[in-house]
Amino acid sequence: CNPCAAAKACNPCNPCAASACNPCNPCAASACNPCNPCGASGEAVELTAEELKALYGCLAPKLAKTYKGGEHWATARWSKWKVFGKHAYVSATHGGRYVQNLSNKLGASTYGKYDEIKAMPIGSTIAKPSFTVGKNGAASMGPLFIMEKMTKGWNPETADWRYAMVMPGGSTFGVTKGVGSAKLGFCHECHAGAEDNDYMLFLPEEFRN
């Protein structure tokens, strides 16, 4: 079973499929790693900063291509945005995958203030492409994670943040108030701990540009 391929009887790319380990809660601690909807299994391979820079440079064009067609406008634009990480880093809240942080022009200057942020400008959009590296050294593309600050009152339940998750190949796992919206409840649940910074969770200081 290929978790990133279209599948009928076996569709592990769908973390909200019926499962004994409750994969609908990807931020809960679990032996079966439910925060891993598509292929991030086992511990991440440790790579040097230079190796990560080179690997992301190789994968970036492929990631930009594979997410196109997802039901969020950012899938066609994120790759040209400002990059905030020195290199990709392992994110526990994104399934233990390697991720990179990017922001569109509207949000870039504010996002770069990190812990001093009180409110992100309307229209600010953050994208986090992801990938994994297997024990054999082979890299695999993961989902694209997006969060966009909408107009005041758009959705009080998420403090007006619109979340989206797009799988490799361009299929949309979910978009807040859109297709698969109910499956993205975990996004804001995770970000709720950063209410003082407008629900923004930042990359670790040692990885910031």
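Look above for the structure.
All values reported here derive from a predicted model rather than from experimental measurement. Per-chain numbering applies: the sequence of each chain, read as written, is numbered from 1 onward. Reporting of local features is limited, given that this is a predicted model, to residues whose pLDDT is at least 70; pairs of side-chain atoms are given and counted only at 80 or more, and all residues count toward the totals for whole chains, interfaces and linings. No hydrogens and no water enter the side-chain calculation; it runs on all heavy atoms of the structure.

Trainee: Teacher, can you tell me more about the overall build of the protein chain here?
Mentor: Note on conventions: DSSP H or I runs of at least 4 residues are helices, E runs of at least 2 residues are strands, and numbering of each starts at the N terminus. Helix and strand counts for the protein chain stand at 3 helices and 8 strands. Counted from the first residue to the last, the protein chain has its helices and strands arranged as α-β-β-β-β-α-β-β-β-β-α. Counting only residues that meet the buried cut, the protein chain has 47% of its 209 residues in that class. The contact definition used throughout considers only heavy atoms, calling two residues in contact when any of these lie within 4.5 Å. If you take every contact in the protein chain between residues at least 6 apart in sequence, the share linking residues at least 24 apart comes to 53%. As displayed, the protein chain has an accessible area near 10,400 Å², and 53% of this comes from carbon and sulfur atoms. Residue exposure (1.4 Å probe, protein chains only): buried if accessible area is under 20% of the type maximum, exposed if over 50%, otherwise partly exposed. Each accessible area is a Shrake-Rupley result for a 1.4 Å probe, and residues are judged covered by the shown protein chains and nothing else.

Trainee: Teacher, can you tell me more about the pairing of strand β5 (residues 125-133) here?
Mentor: Successive side chains on a regular strand alternate, one facing one side of the sheet and the next facing the other. In terms of burial, β5 is largely enclosed, as 9 of its 9 residues are buried. Of the two faces of β5, the one holding T125, A127, P129, F131 and V133 and the one holding I126, K128, S130 and T132 are both buried throughout. Sheet topology places strand β3 (residues 97-99) next to β5; 2 bridges connect them, and they run antiparallel. Within β5, the position partnered with Y98 by the bridge is F131. A pair of strands is labelled paired if DSSP reports no fewer than 2 bridges between them. One ladder, built from 2 bridges, connects strand β4 (residues 102-103) with β5; its direction is antiparallel. Each bridged residue has a counterpart across the sheet, and for L102 the counterpart in β5 is A127.

Trainee: Any chance you could explain the environment of K86 here in plain terms?
Mentor: You can see K86 is positioned in the loop between β1 (82-83) and β2 (89-91). Residue contacts for K86: discarding those within four places in its chain leaves K53, E206, F207, R208 and N209.

Trainee: I'm lost on the pattern of salt bridges in this one. Help?
Mentor: Once the charged atoms of two side chains with opposite charge are near each other, the side chains can pair. The term salt bridge refers to a pairing of a side-chain nitrogen on Lys or Arg with a carboxyl oxygen on Asp or Glu at a separation within 4 Å. Counted according to the given criterion, the structure contains 4 salt bridges. Residues E50 and K53 are paired through a salt bridge, measuring 3.5 Å at the closest nitrogen-oxygen approach. Of the two residues, E50 and K53 both sit in helix α1 (residues 49-67), 3 residues apart, roughly one turn of that helix. Classification of K53 by relative accessible area gives partly exposed; the value is 41%. Between K149 and D198 there is a salt bridge whose closest N-O contact spans 3.0 Å. Of this pair, K149 sits in strand β6 (residues 139-149) while D198 sits in the segment after α3 (185-191), placing them 49 residues apart in sequence. Comparing K149 with D198, the two get one shared label, buried.

Trainee: Just to check I follow, could you spell out the side chain of S124 for this structure?
Mentor: Note that S124 resides in the loop between α2 (105-111) and β5. Judged by relative accessible area, S124 falls into the buried class, the value being 0%. Whenever a nitrogen or oxygen atom comes within 3.5 Å of another N or O atom, the pair is scored as a polar contact, on the condition that within protein one atom can donate a hydrogen and the other can accept it, and that pairs from neighbouring residues in sequence are kept only if both atoms are in side chains. In this structure the side chain of S124 is engaged in a polar contact, spanning 2.6 Å, whose partner is the backbone oxygen of P121. Excluding residues within four positions of it along the chain, S124 makes contact with N104, L106, G107, M147, E148, K149 and W161.

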